[in-house]
Amino acid sequence: MTVAIKESKSRCSNFRDALNSLENTINLLSPLIKEMDRLNREMEDSNKREEIIRLFLQQLKKGEALVSKCSSIRRRNLYKKRKYEKRLRNIDSSLRDLSAVLQVGQALDTQRLQRIIQDMYH
C-alpha cells in the first residue's frame, strides 16, 4: 500500500497531507501487526488480537482502494477532494484507534505476566 501512496502523492498534490499521515501510520503499525500475527500463530493464541489484526488488514485494503481512487480526482473538483480527503483521514484514524486497542491489550498482558511471576515467587 505504501507504494500506492507514494505514486498517488507524486501524481496528485490534492491529498498530500492526508496521504503523508496515512503513510506514516501504516509504516509505523504494519511491522508491529505482522510481528504480532506471527507470534500469535506460533503460540496458537486465538484471543481478540486476531480480530484486531483482521480489522487492520481490512482497513489497509480499503485504504489501498481509496488511494487509487484519489489519484483520478481532478484538482478543481473540490467536492470530491473534500469527500476523499475525509475518507483518507477516517482510515488513518481507524488504524490509530486499532493501535490504541492493541496497546491496552499489551498492558493487560503485561499485568497478567507480572501476576504469574509474582505467584511463582510467593
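Residues numbered from 1 in each chain as written. Predicted model: local features only at pLDDT ≥ 70, side-chain atom pairs only at ≥ 80, totals over all residues. Heavy atoms only, no water.

**Comments concerning the overall build of the protein chain**
Within the protein chain one finds 4 helices and 0 strands. Overall, the protein chain shows an N-to-C arrangement of helices and strands of α-α-α-α. Buried positions account for 32% of the 122 residues belonging to the protein chain. Considering only contacts within the protein chain whose residues lie at least 6 apart along the sequence, 69% involve residues at least 24 apart. Surface exposure of the protein chain reaches about 8700 Å², of which carbon and sulfur atoms provide 52%. (Helix = DSSP H or I, 4+ residues; strand = E, 2+ residues; numbered from the N terminus. Buried < 20%, exposed > 50% of the residue type's maximum accessible area, 1.4 Å probe, protein only. Contact = heavy atoms within 4.5 Å. Areas by Shrake-Rupley, 256 points an atom, 1.4 Å probe, with all protein chains shown as cover.)

**Details of helix α4 (residues 78-121)**
With 44 residues, α4 ought to run about 64 Å at 1.5 Å a step, and its terminal C-alpha atoms sit 64 Å apart, in line with that. Looking at α4, one finds that the buried residues are Y84, L88, I91, D92, S94, L95, L98, S99 and L102. Residues of α4 that are buried sit in contact with α2 (16-43) and α3 (49-70). (Expected span 1.5 Å × (residues − 1).)

**Quick look at the pattern of salt bridges**
Taken as a whole and assessed by the stated rule, the structure comprises 4 salt bridges. As a salt-bridge pair, R54 and E51 come within 2.4 Å of each other at their nearest N and O atoms. A residue pair is termed a helical-turn pair when its members lie 3 or 4 positions apart in one helix, as R54 and E51 do in helix α3 at 3 residues. The class for R54 is partly exposed, based on a relative accessible area of 38%. Assessed through its relative accessible area of 34%, E51 is described here as partly exposed. Of the charged contacts in the structure, one is a salt bridge between R89 and E85, with a shortest N-O distance of 3.2 Å. Here the residue R89 and the residue E85 both occupy positions in helix α4, the gap between them amounting to 4 residues, near one helical turn. By relative accessible area, which is 40% here, R89 ends up partly exposed. (Salt bridge = Lys/Arg side-chain N within 4 Å of Asp/Glu carboxyl O.)

**A closer look at the nonpolar core**
Of all hydrophobic cores here, the largest spans 21 residues; its most connected members are F15, L22, F56, L88 and L95. Elements that contribute at least two residues to this core include exactly α2, α3 and α4. With 7 residues, the top contributor of residues to this core is α3. Beyond its immediate chain neighbours, meaning those up to four positions away, F56 contacts L29, S30, I33, L95 and L98. (Core = buried A, V, L, I, M, F, W, Y, C linked by side-chain atoms within 4.5 Å.)

**So, α2**
With 28 residues, α2 should reach 40 Å at 1.5 Å per residue; the first-to-last C-alpha distance of 40 Å fits that figure. Remark: the principal bend of α2, roughly 30°, maps to L29, with a proline, P31, within the next four residues. If you check which residues of α2 are buried, you get A18, L19, S21, L22, E23, T25, I26, L29, S30, I33 and N40. (Bend = angle between axes of the 7 residues up to and from the residue.)

**Some details on the environment of R82**
Position of R82 relative to the elements: it lies in helix α4. For R82, a relative accessible area of 59% translates into the label exposed. Linking R82 and F15, residues 67 residues apart in sequence, is a C-alpha distance of 9.2 Å.

**Things to note about the side chain of D92**
Within the secondary structure, D92 sits in helix α4. The contact partners of D92, leaving out residues within four places of it in the chain, are S21, L22 and T25.

By themselves, these are just geometric observations and shouldn't be taken as functional.
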